[in-house]
Each structure stands twice: as C-alpha cells, then as structure tokens.
Amino acid sequence: MWLEILCGLVFYSFFRKVLNGEDDFPDIDTSDSDASFAVAASLEKRYGGKAFVGLRIPDADTGTRQNMDVVLVTKREVMVVAVRNFSGLVAIDGDGNWVDKKHKSHPNPVIEVRRQVAVLESYLEQRGMLLPKGHVIGRVILPYSNCRPAYSIYSHPEVISSHEWKELKPESRGGFSNWIKRVVGKSDMQDGFYQKLHFILSTSPMWDRLELKSNKNILGEFLKFKGYQQDMQALKNVKRSKVGRFIIQKPSIFGLGNSRLQLLCIPRDYQSEDALSDECKEIAVEPSTEVLFQPLNSNKVKEVEAFKHCTCNSQWVGLHIC
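A few points on the structure. (Residues numbered from 1 in each chain as written. Predicted model: local features only at pLDDT ≥ 70, side-chain atom pairs only at ≥ 80, totals over all residues. Heavy atoms only, no water.)

The next point concerns the overall build of the protein. A count of helical and extended segments in the protein gives 8 helices and 17 strands. Relative to its 322 residues, the protein shows a buried fraction of 45%. In the protein, of all internal contacts separated by at least 6 residues, the share reaching a separation of at least 24 is 63%. Counting only carbon and sulfur atoms, one obtains 52% of the accessible surface of the protein, whose full area is about 17,700 Å². (Helix = DSSP H or I, 4+ residues; strand = E, 2+ residues; numbered from the N terminus. Buried < 20%, exposed > 50% of the residue type's maximum accessible area, 1.4 Å probe, protein only. Contact = heavy atoms within 4.5 Å. Areas by Shrake-Rupley, 256 points an atom, 1.4 Å probe, with all protein chains shown as cover.)

A word on the packing of aromatic side chains. Here the structure, examined in full by the defined rule, presents 2 aromatic pairs. Relative to Trp 98, the ring of Phe 86 lies with its centre 6.2 Å away and its plane at 45 degrees, an arrangement referred to as tilted. Linking Phe 86 in the loop between strand 3 (78–83) and strand 4 (88–92) with Trp 98 in strand 5 (residues 98–99), this pair joins segments that are 12 residues apart in sequence. Here the two residues Phe 86 and Trp 98 agree in accessibility, since each one is buried. For Arg 46, the ring lying beneath its charged end belongs to Trp 165, and the centroid distance is 4.1 Å. The ring of Trp 207 carries the charged tip of Arg 56 above its face, separated from the ring centre by 3.7 Å. (Phe/Tyr/Trp six-rings, centres within 6.5 Å; stacked < 30°, edge-to-face > 60°. Lys NZ or Arg CZ within 6 Å of the ring centre and 35° of its normal.)

Attention shifts here to the side chain of Arg 84. Here Arg 84 lies in the loop between strand 3 and strand 4. Looking at Arg 84, the relative accessible area reads 17%, which means it is buried. Among the polar contacts listed, one links the side chain of Arg 84 to the side chain of Glu 112, at a separation of 2.8 Å. If near-sequence neighbours (up to four positions away) are discounted, Arg 84 is found in contact with Asp 69, Pro 109, Glu 112, Val 140, Ile 141, Leu 142 and Pro 143. (Polar contact = N/O pair within 3.5 Å; in protein donor to acceptor, adjacent residues only side chain to side chain.)

Here we come to unusual backbone geometry. Of note in the backbone geometry, His 103 takes a positive phi value of approximately 65 degrees without being a glycine. Relative to the assigned elements, His 103 resides in the loop between strand 5 and strand 6 (105–106).

Our next topic: the nonpolar core. Formed by 33 residues in total, the largest nonpolar core has its most connected members in Val 71, Trp 98 and Leu 120. Counting residues per element, the ones that place at least two in this core are strand 1 (50–59), strand 2 (64–73), strand 3, helix 3 (109–126), strand 7 (136–141) and helix 7 (187–202). Per-element accounting of this core gives the leading share, 7 residues, to helix 3. Dropping the residues within four chain positions of it, Leu 120 is found in contact with Ile 57, Met 68, Val 71, Val 78, Val 80, Val 136 and Leu 201. Core analysis: the second largest hydrophobic core is formed by 20 residues, Leu 43, Leu 72, Trp 165 and Trp 207 among them. (Core = buried A, V, L, I, M, F, W, Y, C linked by side-chain atoms within 4.5 Å.)

Let us look at helix 3. The terminal C-alpha atoms of helix 3 lie 25 Å apart, and with 18 residues this matches the ideal 26 Å at 1.5 Å per residue to within 8%. For helix 3, every residue scored as buried is listed here: Pro 109, Val 110, Val 113, Gln 116, Val 117, Val 119, Leu 120, Tyr 123 and Leu 124. Of the residues one or two after helix 3, Gly 128 is the one with positive phi, at around 85 degrees. (Expected span 1.5 Å × (residues − 1).)

What follows concerns the pairing of strand 4. Alignment of strand 4 against strand 8 (residues 147–149), held across 3 bridges, turns out to be parallel. Residue pairing across strands places Gly 88 opposite Cys 147, the latter belonging to strand 8. As paired strands, strand 4 and strand 5 are joined by 2 bridges and run antiparallel to one another. Looking across to strand 5, one finds that Ile 92 is bridged to Trp 98. (Pairing = 2+ DSSP bridges.)

Below is the structure:
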C-alpha cells in the first residue's frame, strides 16, 4: 500500500513539474512589472483608449531615457502613470523621499511623474505632435489594498490611493478634458489625430517583455537566443526591426508528434500589435533552446529554457521585442 502511495506521489510530482515548471526566477521580483500591466489593463477597461507599458522616452535635456510605467491615451487626454507597488505604511522623510514599511527610501514618484510629463510633451512636440498645455497629466497609483500612505502623500492631487483606485470613475480626480474636440474640431480629423498619437507611441523606445507561466511578465531587454549551431543559424536571419513578437510552442510531453519547439515569428504591426499576421514565419528548434534576457533593474542576464517555462494552459511563451 505504501509503495502504491509513494509511486502515486512521484507520478504526480513528475507531471506537475512537466506541466507547470519550477519557479521561473526565484531571485527576480516580477511584482512591479505585473502591477504595471494590471493597472494598464484596468485603465483601458475603465476609460477605453490604449495603455502603453514600459516606454523609454528620450530626455533631450539629460541625454538619457525616462522609464514610464504606463502611458494611457484616450480620446480626452494623455495620462502618464507611475505605479508604486507599496504595502503597509508609507511616509515622507526630510528629503522628500518616500519611505516604505521596511524603512527603505524611494525617490518621490510625484516629482518623477511631473518630470515624465514634461519629457513626454517635449518628445511628442519633436515628433510633430504639439499638445495644448495641461493636457498631458501625471498620476501616481498605489494599487495595493493594504497600502496606507501618510496624509502628506495622499494630499497630492496626483496621488491615487488604493481606496480611490478601487472606486475610481472616469470623472474622478480632476476628470478628463475633452481637449481633442477643442484642438481639431471635426470628428473625422479627430480620428486622424489619435491615429498619429498612437503611431508615435507605438514606434517609441520601449522595454521588451517576456511573458511566463501564471501570467507573469518581466520587462527588460532581449539579448539573443542560445542553442545548437544549426538552430542559431536559422534564427540569425530573424531581425529585431522586422519581428515584434515570438510565440514559443512546446512539443508533446509524451514525445508524440514533433519533438522540436515551434517559434512563430510575428512581424511588426504598429496599427494592431495583437493581430497575428498571415505572414508569420515558423522556425523549428531544439527544446533546449534558451532565451537570454536582461531583466529591468537587474545586473544579471537570465537564461530562460523555453520548454521548461511554457505555460501549462496555452502551451507557449510570449516574447515581445520592442
């Protein structure tokens, strides 16, 4: 009897590992990236429009790039959002920095988002999109329900607490200004105006995104694939400038059918980034093929074994190359 139970546990453990994989990156916290994508999805649902996650907008004054968590574009305004994944009590120290429950100091996100608004306005102007003053706004969202900001933080009009975030309506916290109608007037021009704004942000510098199992997302930079020479030769002709997304499909777990990974290379489509083009290129590689990825705010390059980290329900790993 005990032998049957032991065999059953081993069998269950094996299939759990095969289907679900181990923890992706135990030393990499994906909560910040996951929070940004969750906030972006919620903003699109509440307000409509398009939310861009992980923009890296050039700052002409400093020669660097401003990392923006979320930029929401609607038919009424452009909102730059700083998502802060804090929990517990959050206070302000004597230097104006925010201090979390672990007494760790963080740069004031209100000051950061105000700077990001100015940088985005300047960048849009450089690309031929001059917006009326005040129509690019900044917000700091604290989405976690157990986050308790001090009054000195909450009193800033840019800050949206977890309670407000839960109850937020389109007209809350200053509302939206119907600025497009005032700027361009006619509805047919309005559509063209937003298409141009959407195109500019779609073609702006942006962090790559690695989608793993359990809906985890990691922002960072895709470096290259690693594997057998013949596979690398096939992948050598896949150019970043032409490919916007890889979908990695894993083979059968029982060894039936094709035992090689199928990489679907989806061409860039700035008009509809989620559309699967009929021109997708399929490349077969060995299951041991790895993705070399540099996570944001990490000095370590991660080698992701594609087969191991395929999601158990959809059977694929997604890699968005920006």
